[in-house]
Amino acid sequence: MSVIKKAACGLAAGVSILCLGGAAAAQEPLKIGMVTTLSGPGGYLGQDIRDAFNLAVEMGGGKLGGTPVQVLVEDDALKPGQGKQIADKFMKTDKVKLLTGIVFSNVALAVVPDVLDNDGIYVSPNAGPSTLAGKECHRNYFVVSWQNDSLHESAGQNANNLGFKKAFILAPNYQAGKDALEGFKRMFKGEIVGEVFTRLDQTDFAAEMAQIRNAKPDVVFQFHPGGAGIAFLRQYQQAGLIESVPMVVPSPSMDAVTLKAVGAPALGLNVSAQWNSDFDNPASKEFVEAFTKKYNRPITYYASQGYDTALAIGAALKATGGKVDNAEAFRTAMLKADFKSVRGNFKFGRNQHPIQDWYSMRVEKDDAGNPVIRTKAKILSDVGDSYAKDCKL
Amino acid sequence: MDEPRTPAVTKDAKPPRWRAWAPYAGLLALVALPFAAQALGQAALTTLATRMVILAIAASALNIALGLGGLVSFGHAAFYGVGAYAVGILTTHGASGAPFLGFIPGSELLGVNLLAAMLASGLVAGAIGALALRTSGVQFIMITLAFAQMLFFFFVALKAYGGDDGVSMRRRNALPGLNMRDDMTFYFVSLAILAVWLGISARLFHSRFGLLLGGIRQSERRMQAIGVSTVRTRWLAFVLSGMGTGLAGGLMAVFGRFVSPDMMHWTQSGELLIMVVLGGAGTIFGPVLGAFALIGLETLLAGWTEHWQVILGPALVLMALTFRGGLARLGRRREGP
Amino acid sequence: MALVLEQVLNGVQLGVMLFLLAAGLTLIFGIMGVINLAHGSLYMVGAYAAAFVAQATGSFLLAIPAGLAAAALVGMAIEYGVVRHLYARDHLDQVLATFGLILFFNQLVVLLFGRQPMFVQIPPALAGAVDLGFFSYPVYRLCIIAVGLATAGALFWLIQRTRLGMLVRAGATHRDMVQALGVDIRLLYTVVFGLGALLAGLAGLMAGPLLSVQVGMGEQILILTFVVVVIGGLGSVTGAFAGALLVGVVDTSLRAFLPGLLRGLMTGSEADALAGGVSAMGVYLLMAIVLLVRPKGLFPAHG
């Protein structure tokens, strides 16, 4: 049922430190509103985004780009209506102008237009629905993560690179699932031998396993974020398919948390993502070390996006002197993307979504025999998304 | 056998005098609320209160089936969602100019769209009611849930209107002469609709139809014996109840400029039920109290701790154990065993 | 042909899991007249307790009693602390209270175990697949079917042949008479509630290695369990068994065969989308049809 939760200054342990940091400065801290999902099965996504964002603030001594900030966090419980209410409160009561945090597309689609209509600025650390990437793109709307389709296009390209010719593809029967299959098909050059829409709340995939075996594909592409993905992989292995049919997945189907819950059955999985915890660049190493030290849990790419979002905002604040009142000045500063992304190459395209590189990864055993995600090769360089051309900015 | 024993409008002996004034005081407080919120710099209270008012309409509509008719529906979120989708779809077509299904013209007028929402949810309630009312008791609870789930999955898979992502509207529906973009104006429009709805409910409760329903709830056989068509009376109550819930759903869609299948989720049905039970099933103001109490409690607790559900859960349990008959019956003499 | 057989087996396996949950729910309803929305939470408690012990000790054998005991104890505590006070009330108060319990247990699990799903390993002895002649089938799933059927047998024996079962049957229909004969009906209710919780816990701990042990896992299966109970007839364990198998097989078959059938009639992606939609609604449609033909379910408990 419904839900809101707030970890405002001083209430939740994780946030309290940065509040103190902000208070030390003479300047009134800039408030940043974070609407994110913290309860229910998708709760760990929002938790990672929040914690990594806060980590960036903490590492800056309570500041982003030299500006003291205060992060207000509330849980949308994956309910669009709830998210709207929180954003409204942030903007009207707390006079917040800069918002971020939303994990899921359906919440973003409800909240973002409200924020923009009230002259707010929204910087997305995760959801990048196509509706807001093309004709409806907006000057005050930035996406630091990716446009949703890119996840699946990169997986399609990954399947091509690995030489697969016949794919069996599965996704849940909702909008993001349909987009996933479309995105994969857009890039994949081989034949689709089977296409299945699973149920939104489905956890038993025995029937699908039998269909896959019967269709004899040489690769399976599946998009099942969170718990359903864990169940899918376990059952895939138990059905004895993992040995015979390799799998290509986009990052939401195999993040560090999912991997920990699945364990050995994930070995051999091909993943595509824009970041992984083994990236060999100074920014990424610094982030991984700090996150591990503070939270000591697997680092998902969601966390990296939360961190990058904080850095991107910090870079813009530095250029504007900590001001967000002049949205146009903030925009100019933001679009320069003058920060060291943990991903390496990063810039904004014309629709203010990222232009970045995509990498292929594989789940392998580390020296201790535990499964880890290892980066293998670059699949795509400097790619944006297919909606940018419809954007008139 | 499974008829709820909560009484309809109870004729208590002498209610304390404050009870007679309470509704007026409440109304006054609601009218003053946005001004107070403005003065205190808590403008978001107005939109929170708008949500409460809209949900109060939905809860009050459910109460016609539940409190008056004894029909425990666990599927009212379906009507709430259908009403919202009616508004969402008509508004989309109104904005684009292309007629819905090729012949129904779209509209961006509040009055037209809310009527359409009531009509659509009434039709759906009519169909579901005709089938579901063949069962009773727990089976009725479950069959209404089943139909709501079917509609939920239908809209999740409905790609033409956004599927799981829902439908966003560019602007709020218009009411000539008023600036609906203004949150305070919208609040008063919602409040006026709630007032009209409560007025209609009160008339209904005391009408012949209301008395018949109460009679059927207490003893169906007796009413049949005196020649009342019990099935038709119940069906009519169910449809009216569905229409009111659809009205609330439509209003919520306009308010948020957004509709998604999430509005039809079974937990939404559960929340509406809880509002009615919490406030007092079968009373006129109970569901309103329940809606304000539940949403208020959620917001308050959530502002206090991240793990607010650990508190809200036991609080609900405690209320179930102690408040027999709901908030609206506090201060009344308890009737019966 | 092999595919059809395999899918039927898949349906039976899903049905067996549903039966374990539905049996407890239907007993609790049939005997005490209580709608327990928190039954899914007991399933979650069983899964978490087993996963926790398995992780701490590395032994699946120790995880089994842990999961069962945790679910049963939590179940009896719920009965003693909350549900006991609601027997005489109408269903609305029960819905309100048990809905509150769902919120409480979900958030409690977050507090105790965090938001990340738990890791559960399949017991090594049960990993892999076995060749059944026509096709190979996961050993673990076969085990679930065997355990489920054995439990069903034991439950029928318990209810039909033992003194406890006699009291349970009598308590359902002639509550006052049983009490007048000097039976401690309150204790009986606590025991039955605990038994129902134990079965839910068994389902939960078996589901652990198959699905994902996470917050909210109980609600995903709760609604389907209610469908089973209502189709079978409230209060009837036989009905729960029949309903569970029916729902399991129908649900699995719709998912497995409908896309293929529809693809013969229309283009691929349209067929898949439609099949996805219809199969999601399928079990609810089944329930609606059953109730319209037999308003009290397939095996009504009392006449």
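Quick caveat, the model's predicted, so the values are computed rather than measured.

Student: Just give me the short version of the overall build of chain C, but keep the residues and values in it.
Tutor: Along chain C, the regular secondary structure elements total eleven helices and two strands. Each helix and strand of chain C, placed in order from N terminus to C terminus, yields the pattern α-α-α-α-β-β-α-α-α-α-α-α-α. The C-alpha radius of gyration computed for chain C amounts to 20 Å, which stays within 12% of the reference 19 Å derived for 303 residues, consistent with globular compactness. Each principal axis of the C-alpha distribution contributes one length, and for chain C these read about 65 × 50 × 35 Å. Scored against the burial criterion, the 303 residues of chain C give a buried share of 60%. A total accessible area of about 10,800 Å² is found for chain C, and carbon and sulfur atoms account for 72% of it. Across chain C, the 13 positively charged side chains and the 11 negatively charged ones have centroids separated by 9 Å.

Student: Run through helix α2 (residues 44-68) of chain B, naming residues and quoting values.
Tutor: All names here are of chain B. For α2, with 25 residues, the first-to-last C-alpha span of 35 Å sits near the 36 Å given by 1.5 Å per residue. Maximum bend of α2: about 35°, positioned at L62. The buried fraction of α2 is high, at 24 of 25 residues. Looking at the residues trailing α2, positive phi occurs at G70, about 70°.

Student: Could you give an account of empty space enclosed by the protein, naming the residues involved and the relevant values?
Tutor: Enumeration over the complete set of coordinates arrives at twelve cavities of 30 Å³ or more. Here the second largest cavity is characterised by a volume of approximately 330 Å³. Among the residues forming the lining of the second largest cavity, the class breakdown is 13 nonpolar, five polar and five charged.

Student: Give a description of the domain arrangement of chain A that names residues and reports values.
Tutor: Residue and element names in this part refer to chain A. When its domains are assigned, chain A resolves into domain 1 (13-146 + 279-348) and domain 2 (149-273 + 357-390). Each of domain 1 and domain 2 has a C-alpha centre, and these two points are 28 Å apart. Together, the buried faces of domain 1 and domain 2 total about 1,400 Å²; carbon and sulfur atoms form 65% of this surface. For the pair domain 1 and domain 2, the number of links is zero salt bridges. On inspection of domain 1 and its partner domain 2, the count reaches two residue pairs in polar contact (both at pLDDT 80 or more). Split into classes, the residues belonging to the side of domain 1 that touches domain 2 amount to eight nonpolar, four polar and three charged.

Student: How would you explain the nonpolar core if you had to name every residue and give the values?
Tutor: By size, the foremost hydrophobic cluster in this structure holds 309 residues, and its most contacted members are Y236, M254 and F287 of chain A. Top element by residues in this core is α2 of chain B. It accounts for 16 residues. Three or more residues apiece are contributed to this core by two domains, here domain 1 (13-146 + 279-348) and domain 2 (149-273 + 357-390) of chain A. V107, A108, A110 and L116 of chain A belong to the second largest nonpolar core, which has 23 residues in total.

Student: How would you summarise the state of the cysteines if you had to cite specific residues and measurements?
Tutor: Residues and elements named next belong to chain A. All told, the structure shown has one disulfide over all chains when counted by the stated rule. Each sulfur of the disulfide joining C137 and C391 lies 2.0 Å from the other. Disulfide C137-C391: the torsion about the S-S bond is 90°, which places it as right-handed. Separated by 254 residues along the polypeptide, C137 in the loop between β5 (121-124) and β6 (141-143) and C391 in the segment after β14 (371-383) bring together distant segments of the chain. According to the relative accessible area criterion, C137 is buried, its value standing at 12%. Given a relative accessible area of 0%, C391 falls into the buried group.

Student: Describe the packing of helix α5 (residues 137-156) of chain B against helix α9 (residues 217-232) of chain C, and please don't skip the residues or the numbers.
Tutor: It is at 10 Å that the axes of α5 of chain B and α9 of chain C come closest, and there the two elements cross at 130°. One element, α5 of chain B, and the other, α9 of chain C, form an angle in the oblique class. For the pair α5 of chain B and α9 of chain C, the sense of crossing is left-handed. Only I223, F226 and V230 of chain C of α9 of chain C make contact with α5 of chain B, whose side of the interface consists of Q139, M142, L145 and Q149 of chain B. Its residues assigned to classes, the contact of α5 of chain B with α9 of chain C shows five nonpolar, two polar and no charged.

Student: Which residues make up the interface of chain B and chain A, and what values do they have?
Tutor: Each partner contributes residues to the interface: chain B has 39 residues there, and chain A has 36 residues. Together chain B and chain A conceal approximately 3,200 Å² of surface at their shared face, both sides included; 50% is due to carbon and sulfur atoms. Taken as a group, D164, D165 and E306 of chain B account for 17% of the area that chain B buries against chain A, more than any other trio of residues on that side. The interface formed by chain B and chain A contains five salt bridges. In this structure, E271 of chain B engages K79 of chain A in a salt bridge whose closest nitrogen and oxygen atoms are separated by 3.1 Å.

Student: Residue-level account of the packing of helix α2 (residues 39-57) of chain C against α9 of chain C, with values.
Tutor: Residues and elements named next belong to chain C. Across the interface, α2 lies against α9 with an axial gap of 8 Å and an inter-helix angle of 135°. Put simply, α2 runs oblique to α9. Judged by the twist between their axes, the crossing of α2 over α9 is right-handed. Between α2 and α9, the contacting residues are H39, G40, S41, Y43, M44 and A47 on the first element and M217, G218, E219, I221 and L222 on the second. Class assignment of the residues belonging to the contact of α2 with α9 gives a composition of six nonpolar, four polar and one charged.

Student: How would you summarise the side chain of Q85 of chain A if you had to cite specific residues and measurements?
Tutor: The topology assignment puts Q85 of chain A in helix α3 (residues 80-92). In this structure Q85 of chain A comes out as buried when scored by relative accessible area, which is 9%. Leave out the neighbours within four places in its chain, and Q85 of chain A touches A44, T47, L48 and R51 of chain B.

Student: Which residues make up the interface of chain C and chain B, and what values go with them?
Tutor: Quite often, the size of an interface is put as the accessible area lost when its parts meet. On the side of chain B, 41 residues touch chain C, which itself brings 43 residues to the contact. For the pair chain C and chain B, the summed buried surface comes to about 4,100 Å²; carbon and sulfur atoms form 77% of the total. Considering only the surface of chain C that becomes buried against chain B, L92, L96 and L292 of chain C emerge as the three largest contributors, covering 17% of it. Linking chain C with chain B are zero salt bridges, by the criterion used here. Joining chain C to chain B, the criterion identifies five residue pairs in polar contact (both at pLDDT 80 or more). In terms of residue count, the dominant contributor to the side of chain C that touches chain B is helix α4 (residues 91-113) of chain C (15 residues). Taken together, the residues of the side of chain C that touches chain B break down into 31 nonpolar, six polar and six charged.

What counts, and where the lines are drawn
Residues numbered from 1 in each chain as written. Chains lettered and ligands numbered in written order. Predicted model: local features only at pLDDT ≥ 70, side-chain atom pairs only at ≥ 80, totals over all residues. Heavy atoms only, no water. Helix = DSSP H or I, 4+ residues; strand = E, 2+ residues; numbered from the N terminus. Rg over C-alpha atoms; globule rule 2.2 N^0.38 Å. Buried < 20%, exposed > 50% of the residue type's maximum accessible area, 1.4 Å probe, protein only. Areas by Shrake-Rupley, 256 points an atom, 1.4 Å probe, with all protein chains shown as cover. Lys, Arg positive; Asp, Glu negative; His and termini not counted. Charge placed at Lys NZ, Arg CZ, Asp CG, Glu CD. Expected span 1.5 Å × (residues − 1). Bend = angle between axes of the 7 residues up to and from the residue. 1 Å grid on protein atoms, 1.4 Å probe; cavity = no way out; pocket = protein on both sides within 12 Å on 5 of 7 lines; lining within 4 Å. Points joined across faces, edges and corners; volume = space filled by probe spheres on them. Nonpolar A, V, L, I, M, F, W, Y, C, P; charged D, E, K, R; others polar. Domains from an automatic or database assignment. Buried area = accessible area lost by both parts, 1.4 Å probe. Salt bridge = Lys/Arg side-chain N within 4 Å of Asp/Glu carboxyl O. Polar contact = N/O pair within 3.5 Å; in protein donor to acceptor, adjacent residues only side chain to side chain. Core = buried A, V, L, I, M, F, W, Y, C linked by side-chain atoms within 4.5 Å. Disulfide = S-S within 2.5 Å. Axes fitted to C-alpha atoms, helices over the stretch in contact; angles between N-to-C directions. Parallel < 35°, antiparallel > 145°, perpendicular 65-115°, else oblique. Left-handed = near helix turned anticlockwise from the far one by under 90°. Contact = heavy atoms within 4.5 Å.

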